[in-house]
Amino acid sequence: MTVTETRRPPAGGAGSGHYDVEAVRRDFPILSRTVHDGVPLVYLDSAATSQKPQVVLDAEREYYERHNANVHRGIHVLAEEATALYESARDRVAAFVGAPDRNEIVFTKNSSEALNLVAYAMSNALAAGPEAERFRLGPGDEVVVTEMEHHSNLVPWQMLCARTGATLRWIGLTDDGRLDLGNLDEVITERAKIVSFVHQSNILGTINPVSTIVARAREVGALTVLDGSQSVPHNPVNVTELGVDFLAFTGHKMCGPTGIGVLWGRRELLESMPPFLGGGEMIKVVTMSESTYADPPHRFEAGTPMIAQAVGLGAAVDYLTGLGMDAVAAHEHEITAYALKRLAEVPGLRVIGPQTAEDRGGAISFVLTGPDGRMVHPHDVGQVLDEQGIAVRVGHHCARPVCLRYNVPATTRASFHLYTTTAEIDALVEGLEQVRRFFLP
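Caption draft 1: How the structure looks around the overall build of the chain. A count of helices and strands for the chain gives 14 helices and 18 strands. Relative to the 2.2 N^0.38 estimate, which gives 22 Å for 441 residues, the radius of gyration of the chain is 22 Å and therefore close to what a compact globule would have. If you line up the chain on its principal axes, its C-alpha atoms span 75 × 55 × 35 Å. Taking the contacts inside the chain whose residues are at least 6 apart along the sequence as the reference set, 72% of them involve residues at least 24 apart. For the chain, the exposed surface amounts to about 17,700 Å²; the carbon and sulfur share of it is 51%. A gap of 2 Å separates the mean positions of the 38 positive and 54 negative side-chain charges of the chain.

Next up, the structure:
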């Protein structure tokens with residue numbers, strides 16, 4: 001029994017260096033719609049959430065229409081079908097990121113929950129047995145992050161330090177939007193217990209040197225957590241090659257549904273890490289006085305999980321695999337290079353982040369100023385672009401410390417995915433000319 005076979009997208013197959021982007025766009029129903037009484041939609045907000053191909057929509061709908069039941073505990077047909085679909089999604093996600101063990105894949109509701117899971121497990125380690133010693137923090141210990149983190153990979157560690165008395169430290173930024181690694185050994189010291197950092201910045205687009213940071217963390221015995229929210233949807237990612245201890249990512253940015261995310265962790269770590277949430281499914285034995293916990297991954301999946309969303313994520317993984325992540329990465333690299341070139345033609349536009357497409361992804365944040373230095377507020381930029389059907393994101397993008405670092409109140413961000421075209425970049429540049437004419441006469 002399976003959900004209807006996921007149709008492969010029109011491409012040269014996994015490993016192909018190219019695909020037909022116009023044919024791919026036809027797989028995404030929303031990309032053909034219009035807004036504001038007939039204006040074609042130009043969707044440049046994929047870093048916030050990606051659009052969904054028809055196969056993902058179909059997979060979720062078919063699950064509810066034909067297989068809806070709770071998983072793992074039932075012995076009737078629907079329960080067995082639902083369980084098979086849910087666990088099949090785990091298999092596909094494990095293969096997608098190169099996990100050596102399917103039980104290293106923990107389903108969460110998003111990246112934020114995955115990162116919080118690790119942070120709160122480290123708090124819970126204070127009351128756990130000797131097997132959790134590696135996760136205990138206290139005064140004198142340090143947690144290291146970077147200045148470019150999304151709030152989801154900053155606030156949980158601030159809260160952990162407040163609960164445990166540990167100290168938070170961070171790697172700073174250079175003027176061109178990259179990590180300042182000149183004093184890495186001074187920031188990541190023998191007191192570091194965990195180093196958590198973003199793979200690809202959601203505001204700067206920067207792709208960080210994972211191997212360099214992981215190597216230093218290993219030298220001092222620190223655990224490493226990687227936020228892959230913006231990298232897993234856009235590039236080939238293999239957890240074994242990365243060498244990190246934990247990886248968090250989210251389904252809705254990789255053409256999957258909202259409400260489903262993933263924490264990958266090394267099996268030996270998950271087996272000794274205390275649970276974050278308590279309840280059904282995550283236990284072995286319960287008495288009125290104490291409980292023992294299930295083996296990973298179910299130890300970390302308390303209660304009824306996101307079954308339909310996991311099925312949809314499995315379909316999204318099939319779609320991306322059929323397209324080929326090498327091809328997706330190549331397409332987005334070309335689109336990003338083209339966008340940086342075109343945006344450089346807009347007078348008064350300043351890109352916040354790397355100025356070239358090397359070691360950067362397709363999220364470009366910028367500010368627009370006039371000859372007198374007056375900045376057009378990003379909210380005004382976004383509103384005028386929206387009137388032309390162009391969807392971008394404005395604000396600090398849940399990365400306010402980055403805005404503080406570069407002395408801007410907010411930015412406008414255009415972000416791309418496997419379905420973005422050069423024509424859409426041209427529309428953005430034309431739209432920004434309209435913004436200039438309106439606000440900078």
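Caption draft 2: Up close: the nonpolar core. Counting 83 residues, the largest nonpolar core has I105, F107, I188 and L418 as the members making the most contacts within it. Counting residues per element, this core draws most heavily on helix α10 (residues 307-323), at 11 residues. Discounting residues that sit within four places of it in the chain, F107 has contacts with Y86, A89, R90, V93, I260, G261, V262, F300, E301, M306, A310 and L313. Core analysis: the next-biggest nonpolar cluster, separate from the first, contains 30 residues, A132, L223, F246 and L269 among them.

Caption draft 3: The arrangement of the sheet that holds strand β4 (residues 105-108) in detail. The strand order across the open sheet built from seven strands is β4-β10-β9-β8-β7-β5-β6, with neighbouring strands paired in mixed fashion. Each of the sheet's edge strands pairs with one partner strand only, and the pair in question is β4 and β6 (167-171). Sheet twist, expressed as the mean angle between neighbouring strand axes with direction ignored, is 20°. Looking at chain direction, strand β7 (residues 192-198) and strand β8 (residues 223-227) are connected through five bridges and run parallel. Within the sheet, the bridge partner assigned to V198 lies in β8 and is D227.

Caption draft 4: Fine view of the environment of G74. Looking at where G74 falls in the secondary structure, it is placed in the loop between α2 (54-67) and α3 (77-96). Exposure remark for G74: the relative accessible area of 30% places this residue in the partly exposed category. Sequence-wise, G74 and D386 are 312 residues apart; in three dimensions their C-alpha atoms are separated by 49 Å. Beyond its immediate stretch of four places on either side in the chain, G74 contacts A79 and E80.

Caption draft 5: Just the side chain of E147, in detail. Mapped onto the fold, E147 is located in the loop between β5 (142-146) and α5 (155-164). Here E147 occupies a buried position and makes no salt bridge, while the nearest side chain of opposite charge, R405, is found at 4.3 Å. Among the polar contacts listed, one links the side chain of E147 to the backbone nitrogen of L173, at a separation of 3.3 Å. Among all residues touching E147, those that are not within four sequence positions of it are W170, I171, G172, L173, P401, V402 and R405.

Caption draft 6: A look at α10. Between its first and last C-alpha, α10 extends 25 Å over 17 residues, near the 24 Å set by a 1.5 Å rise per residue. For α10, a buried count of 15 out of 17 residues is recorded, marking the element as mostly surrounded by other parts of the structure. Of the residues one or two after α10, G324 is the one with positive phi, at around 100°.

Caption draft 7: Here's a closer look at the pattern of salt bridges. Counting across every chain of the model gives 25 salt bridges. Here D175 makes a salt bridge to R405, at a shortest N to O gap of 2.9 Å. Taken together, the residues D175 in the loop between β6 and α6 (184-187) and R405 in helix α13 (residues 400-405) connect sequence positions 230 residues apart. A residue is classified by how much of its surface remains accessible, and D175, at 68% relative accessible area, is exposed. Members of the salt-bridge network, linked through shared partners, are E87, R90, D91, R102 and E301.

Caption draft 8: Spatial organisation of the packing of aromatic side chains. Taken as a whole, this structure holds six aromatic pairs when the rule is applied. Relative to F439, the ring of F438 has its centre 4.8 Å away and its plane inclined at 70°; by these criteria the two rings are edge-to-face. Through a chain of ring-to-ring contacts, the aromatic side chains of F28, Y319 and Y419 assemble into a single cluster. One Lys or Arg, R163, reaches over the ring of Y120 and ends 3.9 Å from the middle of that ring.

Caption draft 9: Region of the structure containing the side chain of E142. If you trace the backbone, E142 turns up in strand β5. You can call E142 buried: its relative accessible area is 7%. At 3.4 Å, the side chain of E142 and the side chain of T189 are in polar contact. Excluding residues that lie within four positions of it along the chain, E142 makes contacts with T167, R169, V187, T189, R191, A192, K193 and I194.

Rules of the game
- Residues numbered from 1 in each chain as written.
- Predicted model: local features only at pLDDT ≥ 70, side-chain atom pairs only at ≥ 80, totals over all residues.
- Heavy atoms only, no water.
- Helix = DSSP H or I, 4+ residues; strand = E, 2+ residues; numbered from the N terminus.
- Rg over C-alpha atoms; globule rule 2.2 N^0.38 Å.
- Contact = heavy atoms within 4.5 Å.
- Areas by Shrake-Rupley, 256 points an atom, 1.4 Å probe, with all protein chains shown as cover.
- Lys, Arg positive; Asp, Glu negative; His and termini not counted.
- Charge placed at Lys NZ, Arg CZ, Asp CG, Glu CD.
- Core = buried A, V, L, I, M, F, W, Y, C linked by side-chain atoms within 4.5 Å.
- Buried < 20%, exposed > 50% of the residue type's maximum accessible area, 1.4 Å probe, protein only.
- Pairing = 2+ DSSP bridges.
- Axes fitted to C-alpha atoms, helices over the stretch in contact; angles between N-to-C directions.
- Salt bridge = Lys/Arg side-chain N within 4 Å of Asp/Glu carboxyl O.
- Polar contact = N/O pair within 3.5 Å; in protein donor to acceptor, adjacent residues only side chain to side chain.
- Expected span 1.5 Å × (residues − 1).
- Phe/Tyr/Trp six-rings, centres within 6.5 Å; stacked < 30°, edge-to-face > 60°.
- Lys NZ or Arg CZ within 6 Å of the ring centre and 35° of its normal.

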